[in-house]
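Chain residues, written in single-letter form:
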Amino acid sequence: MIIQRQVWYDYTKYLIVNEYCAVQLELCNKEQWYGGSAFIYGLYVCPLYRGKKHAEILLDQAEFCAKRDGYKAVFLEWEKKTTPEWVLEWYLRLGYEKVKSTTGGCILKKELI
């Protein structure tokens, strides 16, 4: 696993990758449009390696980085037009909760305990 930390003017970005998948985490210095300041996005797993817990491992690492940096919750967005319904159900099983719904998807939040 490779974790790259990029520190910018008003946010920090983590790029977390392994040979099968990748995810990004953006940690902002102030609250953003989604109601928080830690946002996970760009989670992708090569199709041949789906269903083997690779995504869960990277998601756990992104959550760990946010918690270590002092964030109390992380957010992500699920979009109906680009992501299957089973992915939303998977996020819910991992402890994410819907905090805002639209006709095209929803914003999910997970408290970092």
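Here the structure is shown first, and the text comes after it.
Residues numbered from 1 in each chain as written. Predicted model: local features only at pLDDT ≥ 70, side-chain atom pairs only at ≥ 80, totals over all residues. Heavy atoms only, no water.

What about the environment of Leu92?
Next up, step 1: With respect to the secondary-structure elements, Leu92 resides in helix α2 (residues 85-93).
Next up, step 2: Judged by relative accessible area, which is 36%, Leu92 ranks as partly exposed.
Next up, step 3: Taking the C-alpha atoms as reference, Leu92 lies 9.3 Å from Lys110; in sequence the two are 18 residues apart.
Next up, step 4: Apart from the residues lying within four places of it in its own chain, the contact partners of Leu92 are Glu97, Lys98 and Leu108. (Helix = DSSP H or I, 4+ residues; strand = E, 2+ residues; numbered from the N terminus. Buried < 20%, exposed > 50% of the residue type's maximum accessible area, 1.4 Å probe, protein only. Contact = heavy atoms within 4.5 Å.)

Structural notes on the packing of aromatic side chains
Next up, step 1: Counted by the stated rule, this structure contains 9 aromatic pairs.
Next up, step 2: Between Trp90 and Tyr91 the ring centres are 5.3 Å apart and the planes differ by 45°, which places this aromatic pair in the tilted class. Across the pair, Tyr91 and Trp90 agree in class, each one buried.
Next up, step 3: These aromatic residues form a ring-pair network of at least three members: Trp33, Tyr34, Phe39, Tyr41 and Phe75. (Phe/Tyr/Trp six-rings, centres within 6.5 Å; stacked < 30°, edge-to-face > 60°.)

Topic: α2
Next up, step 1: For α2, every residue scored as buried is listed here: Val87, Leu88, Trp90 and Tyr91. Across the axial projection of α2, the buried residues extend over an arc of 160°, all falling on one side. For α2, the exposed residues lying more than 90 degrees away from the buried face are Trp86 and Arg93.
Next up, step 2: With its phi angle positive at about 105°, Gly95 sits one or two positions after the end of α2. (Arc of directions from axis to C-beta.)

So, the nonpolar core
Next up, step 1: Counting residues in each nonpolar core, the largest one holds 28 residues, and the members touching the most others are Leu25, Ile40, Tyr91, Tyr96 and Leu108.
Next up, step 2: Of all the secondary structure elements, the ones that give two or more residues to this core are β2 (11-17), β3 (21-28), β4 (38-45), α1 (54-68), β5 (73-79), α2 and β7 (105-111).
Next up, step 3: No other element matches α1, which puts 6 residues into this core.
Next up, step 4: Discounting residues that sit within four places of it in the chain, Leu108 has contacts with Val74, Phe75, Leu76, Trp78, Leu88, Tyr91, Leu92, Tyr96, Glu97, Lys98 and Val99.
Next up, step 5: Among the nonpolar cores identified, the runner-up in size contains 5 residues, and Tyr34, Phe39, Phe75 and Ile107 belong to it. (Core = buried A, V, L, I, M, F, W, Y, C linked by side-chain atoms within 4.5 Å.)

Quick word on α1
Next up, step 1: With 15 residues, α1 should reach 21 Å at 1.5 Å per residue; the first-to-last C-alpha distance of 21 Å fits that figure.
Next up, step 2: Where α1 is concerned, the buried positions are His54, Ala55, Leu58, Leu59, Gln61, Ala62, Glu63, Cys65 and Ala66. (Expected span 1.5 Å × (residues − 1).)

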